[in-house]
Amino acid sequence: MAILYTTRRPPWLVRLLALVIGLIGLILLLGGAYLVYVGGSPYYALAGLGLLATAWLLGRGSALALWLYVLVYAATLVWAIWEAGLDGWALVPRVVAPTVVLLFIVTAVPALLPRHFGWRAALLTDVVIIVAAAIIGLTLPNAKVTDYAGDLPAARPADSLADPSLRQAGADWPAYGGSESARRYSPLTQITPDNAGKLKRVWAIHTGDLPQSEFAQDKYGAETTPLKVGNALYLCTPKNIILSLDPATGQERWRYDPKVSDDWIPYTAACRGVTYYDVPGAPADQACASRIIEGTLDARLIAVDANTGAPCPGFGDNGAVDTKAGMGEVEPGMLSITAAPTIVRGIIVTGHQVLDGQIRSAPSGAIQGYDAVTGVLRWAWDMKQPDLTGVPPDGRAYARGTPNMWTAASGDERLGLVYLPLGNSAVDYWSSQRSDVENRFATSLVALDVGTGKPVWNFQTVHKDVWDYDLGSQATLVDFPADGGAVPALVLPSKQGDIYVLDRRTGKPLTPVEEQPAPAGGVEPEQRSPTQPHSLYHTLRKADLTEKDMWGMSPIDQMVCRIEFRTATYSGFYTPPTSATHSIEYPGYNGGSDWGGIAVDPGRGIIVANYNDMPNYVRLVPRDEADRLGWTPRSQARGAIGGAEGAGDPQAETPFAVNVNAGWRLPVTGLLCKEPPYGGIRAIDLKSGKTLWDRPFGTARTNGPFGIPSMLPVDIGTPNNGGAVVTAGGVVFIAAATDNLVRAIDLKTGKTLWSDTLPGGGQATPMTYEEGGKQYVVIMAGGHHFMETPISDELIAYALP
């Protein structure tokens, strides 16, 4: 073995390898030393020293480089397993890149040895390649699915599920959430776990609504869920074109285009759904006896005849009502309606999406109730001006900047209540200018009396929210199995991941909720609540982050993320935003649960929830710095502002703008700093809140460093937007993830039964219905700019052969 101690002038490829390894070692040494300085792991500095020494030996032509690196590599394996165990995703940045370096060194060493050592070198190379392949193979993770314990309960008949809505899902899908109860449940049973694998595309249509201007190119997100009522499907496109289709063939019957200008596209051109309404007592052949109602990006309510698509002449001004009346000055894009309106007792209830992060005096979040027949404003709820019950008189306007409802409400026809998931006051990350009444109602579920527009109760999920934790999900109405019998209840998911169960008559929690201490500090410490509510029933939220949770493509990525973690302000859940440093918000503003909400099988008593599991990396930017960068509100001259929500939001009329790194991504590779999974799907027992199964949701096939798809069919658990549908057949249908797949999942086990690749991202909630004795599943494959999935205008239907 003395030959291994000799040196010879290495070939230029070996010298190049030595240079690359030396550069990697230098980066790790310098960055690792700084990481140690800020209190982090010493591994990277030590590994950098080992790589520099290895590079020096390689450059001198010494085969000792191999043995030195083997020691570095062995120590790396021991450290990686000590720190991460056998968690595959956690091992990837710790093990894969060092293994690749080992392969290069082993390949280079034979060039440094005499020829008669070649067979030994070749044998060593083969052994190392086999071992390295085994190590890399072991690091590739598989989905972790917790099996369901026991058989699924039999689904109860649909007529025994106590849905207070006028129309329930069955052969039809008459409302955005299946019914106004928002259960996203169908009693259909034709598709089962035994035959779901045979699903085929039976028709597809192109809506024709794709971006036509440069302004709209990066703003499309077709989030629509169609309705099916009788013998027709109804849906809206991103720019609010309403279509009616044949449910068996997809053939277009009519379309109505309200002619919305691109100027009115807010953050996203999206229309999540339309609403169907039958006028009580109207003859079936009367024009607009049945009507389709939608809200538009330019904040109009549109009513058209369900049979012809013609505007309803008796509704507002030739079928349109301008909900901006009384709002004062409204810049295009600042106020829009993207959710399907909710109708309870003949009253259309709508809120607005007010563009986030622009200016404290943004348009009002006032909620409005309109007559579903005439379009006349019946009431308005302005929390700061409760005396205003209609359109404000001349000289007055609805109070600006108040919490808004940008998502869909749910309603109880029997109780006459509509349940409003409210967001935050204008500008999410600064709270000192909010009034007491705003602090009372912001980020809370509010029950309004639909007859008067007056609040009956509210339940707040965050006190003085400065994390953009507004309620994005519809509340789902259920009968909750309590000890004294079924209680009319609702299930409320939140972006924080907490799930609450409330008595929908009173708003009182039916499951334990506890006020727990919350971190103090931030730029307005006197505003932070000492406690925040936590659901003890169920949470989708994972444990607080630690340095070990940092990730990346390589040890260098992981080291950079560890440095960012160590230099940021982070005190766990509810860490207040800061300015001198970044702060870490976990979960981020995309959830937990977002606008996709949850699905509930009321017959079996099972909640199905898909969720996100990503942090945000946040910094409040002082006003003078934001001004220098040109960060100004919508409609004003703007500087270079990032694409994700919160990236360079000016928050005008406050001391700070905000810069949010959504998902906490690395600037070069685009990978996330937190290790996977980034999203999951879970089944929960409704009565107890216990997890039945939980799995990462979404494969890595379209994800990878530098935006290059890896095509790996490995369940990484991706970000997801859009909801699930659950059926009495025991099948869950969902798209939502960034891998552009629509899936059928076994409700009992959580395992995928079937999937199909969509032409665009499936950031929408599917629906299911029956026509001609056949069960169909329909999904809008429209894509979404925020989720970075391909844009498409295709609506696709599936059925069994």
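Scoring rules and cut-offs
- Residues numbered from 1 in each chain as written.
- Predicted model: local features only at pLDDT ≥ 70, side-chain atom pairs only at ≥ 80, totals over all residues.
- Heavy atoms only, no water.
- Helix = DSSP H or I, 4+ residues; strand = E, 2+ residues; numbered from the N terminus.
- Expected span 1.5 Å × (residues − 1).
- Contact = heavy atoms within 4.5 Å.
- Disulfide = S-S within 2.5 Å.
- Buried < 20%, exposed > 50% of the residue type's maximum accessible area, 1.4 Å probe, protein only.
- Pairing = 2+ DSSP bridges.
- Axes fitted to C-alpha atoms, helices over the stretch in contact; angles between N-to-C directions.
- Parallel < 35°, antiparallel > 145°, perpendicular 65-115°, else oblique.
- Left-handed = near helix turned anticlockwise from the far one by under 90°.
- Nonpolar A, V, L, I, M, F, W, Y, C, P; charged D, E, K, R; others polar.

1. Quick notes on the environment of Pro-386
If you trace the backbone, Pro-386 turns up in the loop between β16 (377-381) and β17 (410-412). In this structure the C-alpha to C-alpha distance between Pro-386 and Pro-455, which are 69 residues apart in sequence, comes to 10.0 Å.

2. Considering helix α2 (residues 43-60)
Here α2 contains 18 residues, and its C-alpha end-to-end distance of 26 Å stays within 8% of the 26 Å for a straight helix at 1.5 Å per residue. Summarising the contacts, the buried residues of α2 are in contact with α1 (12-37), α3 (64-84), α4 (88-108) and α7 (555-567). After α2 finishes, the residue Gly-61 shows a positive phi value of roughly 85°.

3. Quick word on the state of the cysteines
Enumeration over the complete set of coordinates arrives at three disulfides. Bridging Cys-236 to Cys-271, the disulfide has an S-S length of 2.1 Å. Judged by the sign of its S-S torsion, about -95°, the cystine formed by Cys-236 and Cys-271 is left-handed. With Cys-236 in strand β4 (residues 232-236) and Cys-271 in the loop between β6 (252-256) and β7 (275-278), this pair connects stretches of sequence that are 35 residues apart. Accessibility classification places Cys-236 together with Cys-271 in one group, the buried group.

4. Notes on the sheet that holds strand β12 (residues 342-344)
Taken in spatial order, the four strands make up an open sheet running β12-β13-β15-β16, and their pairing is antiparallel. Looking at strand neighbours, the two that pair on one side only are β12 and β16, the edges of this open sheet. For this sheet, the mean angle separating the axes of adjacent strands, direction not counted, is 25°. Summarising the sheet, strand β15 (residues 367-371) and β16 pair through four bridges and their orientation is antiparallel. Note on β16: the bridge partner recorded for Tyr-370 is Leu-377.

5. With respect to the packing of α1 against α7
Relative orientation of the contacting elements α1 and α7 amounts to 15°, with a least axis distance of 10 Å. By the angle between their axes, α1 is roughly parallel relative to α7. Judged by the twist between their axes, the crossing of α1 over α7 is left-handed. Where α1 abuts α7, its residues Ile-24, Ile-27, Leu-28, Gly-31, Gly-32, Tyr-34 and Leu-35 lie against Pro-555, Ile-556, Met-559, Arg-562, Ile-563, Arg-566 and Thr-567. Residue composition of the contact of α1 with α7, by class: nine nonpolar, three polar and two charged.

6. Thoughts on the sheet that holds strand β9 (residues 300-305)
The strands making up a sheet associate through backbone hydrogen bonding, with each pair oriented either parallel or antiparallel. Taken in spatial order, the four strands make up an open sheet running β7-β8-β9-β10, and their pairing is antiparallel. Sheet topology places β7 and β10 (320-322) at the edges, where each strand pairs with a single neighbour. On average, each strand axis in the sheet is inclined to that of its neighbour by 20°, with strand direction left out of account.

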